[in-house]
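One letter stands for each residue in the lines below.
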Amino acid sequence: MSAKLPEIAPLFNDIKSLIDSARQRVAVAVNAELTLLYWQVGQRINSEILKGERAEYGKQVIAHLAGQLTGVYGKGWSQKQLLHCLRFAETFTDEQILSALRRQLSWTHFKTLMYIDDPLKRDFYAQMAQLEGWSTRVLSERIDAMLFERTALSKKPEETIRLELQALAERGEMTPALVLKDPYVLDFLELNDHYLEKDLEDAILRELEQFLLELGAGFTFIARQKRLQIDNDDFYIDLLLYNRRLRRLIAIDLKLGSFKAEYKGQMELYLRYLAKYEQEAGENPPLGIILCAGKKAEQIELLELDQSSIHVADYVTVLPPREVFEAKLHSAIAAAHKRLGN
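Residues numbered from 1 in each chain as written. Predicted model: local features only at pLDDT ≥ 70, side-chain atom pairs only at ≥ 80, totals over all residues. Heavy atoms only, no water.

Our focus in this paragraph is the sheet that holds strand 1 (residues 184-185). One open sheet holds the six strands; their spatial order is 1-6-5-4-3-2, and the pairing between them is mixed. With partners counted over all chains shown, the strands left at the sheet margins are strand 1 and strand 2 (219-230), one partner each. Pairing analysis gives five bridges linking strand 3 (residues 233-243) to strand 4 (residues 248-254), with the strands arranged antiparallel. Along strand 4, the bridge assignment pairs L239 with I252. Sitting on the sheet, helix 11 (residues 197-206) touches strand 2, strand 3, strand 4 and strand 6 (310-316), and the angle it makes with strand 2 is about 145 degrees. Of the strands in this sheet, strand 1, strand 2, strand 3, strand 4 and strand 5 (287-292) are in contact with helix 12 (residues 208-215), which crosses strand 2 at around 95 degrees. (Pairing = 2+ DSSP bridges. Helix = DSSP H or I, 4+ residues; strand = E, 2+ residues; numbered from the N terminus. Contact = heavy atoms within 4.5 Å. Axes fitted to C-alpha atoms, helices over the stretch in contact; angles between N-to-C directions.)

Written out as structure tokens, the structure reads:
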């Protein structure tokens, strides 16, 4: 009678895990080296051949060089690829910054990033993609959805943006301005023209995953209609969330109409209650988001909400044409910079 074979499932799983981990490390290392190679190729072309100029002679050199490299190495060194390398080196000029990014981002990430002309916007997407582990598809979707323009950060002076992005790159330090947006795009809720606040709330809960994605990095759902009992009176927070990046409770108040000054006092009450009874050791003070169908800029400015822990934002349930949306966002940013004296 033959001996019974031992149970090898645990052994198989352990070895499979070792192989998969090693393959992942190899893939990361290969990607990092290839990315560095493409940057070095771009640097060499730019500094040694083109001398920093886009002359007709330079184009001829690139075309000739692509032909020779393809003859030796086959596919992968076309004229288009060499132009990508050149753009890469021109865009990411700091090798130290590149070294930090190339271990987290793929060459496809960099090809998306390097064609963003605004350096601050490009840095925002690079740092967020690295920190949040965005795939290239998610990165493209965030850019198409104008995530940077909709963050509270984009409406701050350029030096403030630069400092907050620097803190994000060096310490992974996420601030409310990086997380909070205006407006929030809730077109996926598919609401008709006439709806109540309860309809809005119900629709958000039905599409909770999409809603949390639209809110941004690190949000987790905690409660709906969170009951607060104060002096025998009952108050209800429409949605209570937690953000692990900010380490804060986030209270969301949903409003159908435009912003009203009285909403500030209501939200302040919620936040003080949460700070007193719900905030745990090591957490930062709670934040409030008042989502309105329209904002009242002067009221918000006079109430100094931009300097408080309360964020007021528009929401749109039907996305306007991109040109209209983009014009509105840029107008809001310009107005904010003017108010700040930037």
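Let's pick the thread back up.
As a further point, take the nonpolar core. In this structure, F88, F124, Y125, Y184, F211, I252 and L291 are the most contacted members of the largest nonpolar core, which totals 68 residues. For this core, the element with the most residues is helix 6 (residues 119-132), which contributes six residues. For F211, the contacting residues outside a window of four places in its chain are L186, F188, I204, L239, I252 and L291. One finds L228, Y242, L249 and I300 within the second-largest nonpolar core, a separate group that totals 20 residues. (Core = buried A, V, L, I, M, F, W, Y, C linked by side-chain atoms within 4.5 Å. Buried < 20%, exposed > 50% of the residue type's maximum accessible area, 1.4 Å probe, protein only.)

Successive residues of a regular strand alternate their side chains across the two faces of the sheet. Of all seven residues making up strand 6, seven are buried, and the element is well covered by its neighbours. By the alternation rule, side chains of strand 6 split into I310, V312, D314 and V316 and H311, A313 and Y315, which are all buried. Sheet topology places strand 5 next to strand 6; five bridges connect them, and they run parallel. Among the inter-strand pairings, I289 is bridged to a residue of strand 6, identified as H311. Between the parallel elements strand 5 and strand 6, the chain passes through helix 14 (residues 297-302) in a crossover that is right-handed. (Right-handed = clockwise from strand over helix to strand, strands pointing away.)

Moving on, we come to the side chain of K181. Assignment of secondary structure puts K181 in the loop between helix 10 (176-179) and strand 1. The contact partners of K181, leaving out residues within four places of it in the chain, are L147, R150, T151, A152, L213, E214, L215, G216, H311 and A313.

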